[in-house]
Amino acid sequence: MQSTSEPIAIQAVLNRLVDAWGRQDAEAYGELFTEDATYVTYVGTFYQGRHDIVASHRALFEGFAKGTRLADETLAIRFPAPGVAVVSGRGDTYKGSRPAKLGKIQTYTLVLGADGEWRIAAFQNTRRRPLTEAVSYRLAPGLVPVAERR
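Residues numbered from 1 in each chain as written. Predicted model: local features only at pLDDT ≥ 70, side-chain atom pairs only at ≥ 80, totals over all residues. Heavy atoms only, no water.

Enquirer: Is there a simple way to think about the overall build of the protein in this case?
Expert: Scanning the protein for helices and strands turns up four helices and six strands. The order of α-helices and β-strands along the protein, N terminus first, is α-α-β-β-α-β-β-β-β-α. Radius of gyration (C-alpha) of the protein: 16 Å, near the 15 Å computed for a compact globule of 150 residues. Each of the three principal axes of the protein carries a C-alpha extent, and together these read 50 × 45 × 25 Å. Taken over 150 residues, the protein has a buried fraction of 34%. Long-range pairs, those at least 24 residues apart, make up 47% of the contacts in the protein between residues at least 6 apart in sequence. When the accessible area of the protein is evaluated, it comes to approximately 9,000 Å², of which 57% is carbon and sulfur surface. Distance between charge centres in the protein, computed from 19 positive and 16 negative side chains, equals 11 Å. (Helix = DSSP H or I, 4+ residues; strand = E, 2+ residues; numbered from the N terminus. Rg over C-alpha atoms; globule rule 2.2 N^0.38 Å. Buried < 20%, exposed > 50% of the residue type's maximum accessible area, 1.4 Å probe, protein only. Contact = heavy atoms within 4.5 Å. Areas by Shrake-Rupley, 256 points an atom, 1.4 Å probe, with all protein chains shown as cover. Lys, Arg positive; Asp, Glu negative; His and termini not counted. Charge placed at Lys NZ, Arg CZ, Asp CG, Glu CD.)

What follows is the structure, given as structure tokens:
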């Protein structure tokens, strides 16, 4: 049976992820992942393992993502099995003000370790295409997710 504290613990991991990004701390960011974690970026790059995730984020924080912050919004947390959580959310990187609409949809899979800590075992990030989405909804209304139906 899932404890009521588990969603709070999961959200705390994601909050630490946002904080580590904001500090541009690749090591702290990587510590939130399992040793064998997988990480798929919105451009389709596949990283395997904590070392790969840390190294790639170190390069990001020194280059493309230097000075950026991370916005993260949890849409749903579910527990398909004991010690496993799947988080669906939206996110984006930004400089200046946090964007009102976040441009990526994300899935995190977290596992509860033997040490009692939740860590991210898999992350997948997809760039949203609002225009394509709107056109597809207009042409095929059945594609509109229940949560977005008015």
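Now that the structure is up, let's keep going.
Enquirer: I'm lost on the pairing of strand 4 (residues 84-94) in this one. Help?
Expert: Looking down a regular strand, the side chains alternate between one sheet face and the other. For strand 4, the buried fraction is high: eight of the eleven residues fall into the buried class. With ten bridges joining them, strand 3 (residues 69-81) and strand 4 adopt antiparallel strand pairing. Bridged to Asp 72 within strand 4 is Gly 91. Taking the residues between adjacent antiparallel strands as the criterion, strand 3 and strand 4 are bridged by two residues, where Gly 83 takes a positive phi near 75°. Note: strand 4 against strand 5 (residues 104-112), eight bridges, orientation antiparallel. Bridge pairing in strand 5 links Val 84 to Val 111. (Pairing = 2+ DSSP bridges.)

Enquirer: What is the right way to look at the packing of aromatic side chains in this model?
Expert: For any pair of aromatic rings, the description rests on two quantities: the centre-to-centre distance and the angle between the ring planes. The tally for this structure, following the rule as stated, stands at ten aromatic pairs. What links up through ring pairs into an aromatic cluster is the set Trp 21, Tyr 29, Phe 33, Tyr 39, Tyr 47, Phe 61, Tyr 108 and Phe 123. The ring of Tyr 42 carries Arg 127 above its face, with NZ or CZ at 4.6 Å from the centroid. (Phe/Tyr/Trp six-rings, centres within 6.5 Å; stacked < 30°, edge-to-face > 60°. Lys NZ or Arg CZ within 6 Å of the ring centre and 35° of its normal.)

Enquirer: Is there a simple way to explain helix 1 (residues 5-22) in this structure?
Expert: The α-helix advances 3.6 residues per turn, and as a result positions three or four apart in sequence lie on the same side. Taking 1.5 Å per residue, 18 residues should reach 26 Å; helix 1 reaches 26 Å between its end C-alpha atoms and fits that length. What helix 1 keeps buried is the set Glu 6, Ile 10, Val 13, Leu 14, Leu 17, Ala 20 and Trp 21. Seen from one end, helix 1 has its buried residues packed into an arc of 120°, which puts them on one side. Of the residues trailing helix 1, Gln 24 is marked for its positive phi of about 60°. (Expected span 1.5 Å × (residues − 1). Arc of directions from axis to C-beta.)

Enquirer: Just to check I follow, could you spell out the sheet that holds strand 2 (residues 46-48) for this structure?
Expert: Neighbouring strands of a sheet are bound in pairs by backbone hydrogen bonds; such pairs are parallel or else antiparallel. If you trace the six strands from one edge of the open sheet to the other, you get 2-1-6-5-4-3, paired in mixed fashion. The strands lining the two open edges of the sheet, one partner per strand, are strand 2 and strand 3. Within this sheet the neighbouring strands show an average axis-to-axis angle of 15°, counted without direction. When strand 1 (residues 33-40) meets strand 2, the two strands line up antiparallel, connected through three bridges. Considered in strand 2, the bridge of Thr 38 is made with Gln 48. Each of strand 1, strand 3, strand 4, strand 5 and strand 6 (118-127) is contacted by helix 1, which is oriented at about 155° to strand 3, the strand it contacts most. Where helix 3 (residues 50-62) meets the sheet, its contacts fall on strand 1, strand 2 and strand 6, and the angle it forms with strand 1 comes to roughly 55°. (Axes fitted to C-alpha atoms, helices over the stretch in contact; angles between N-to-C directions.)

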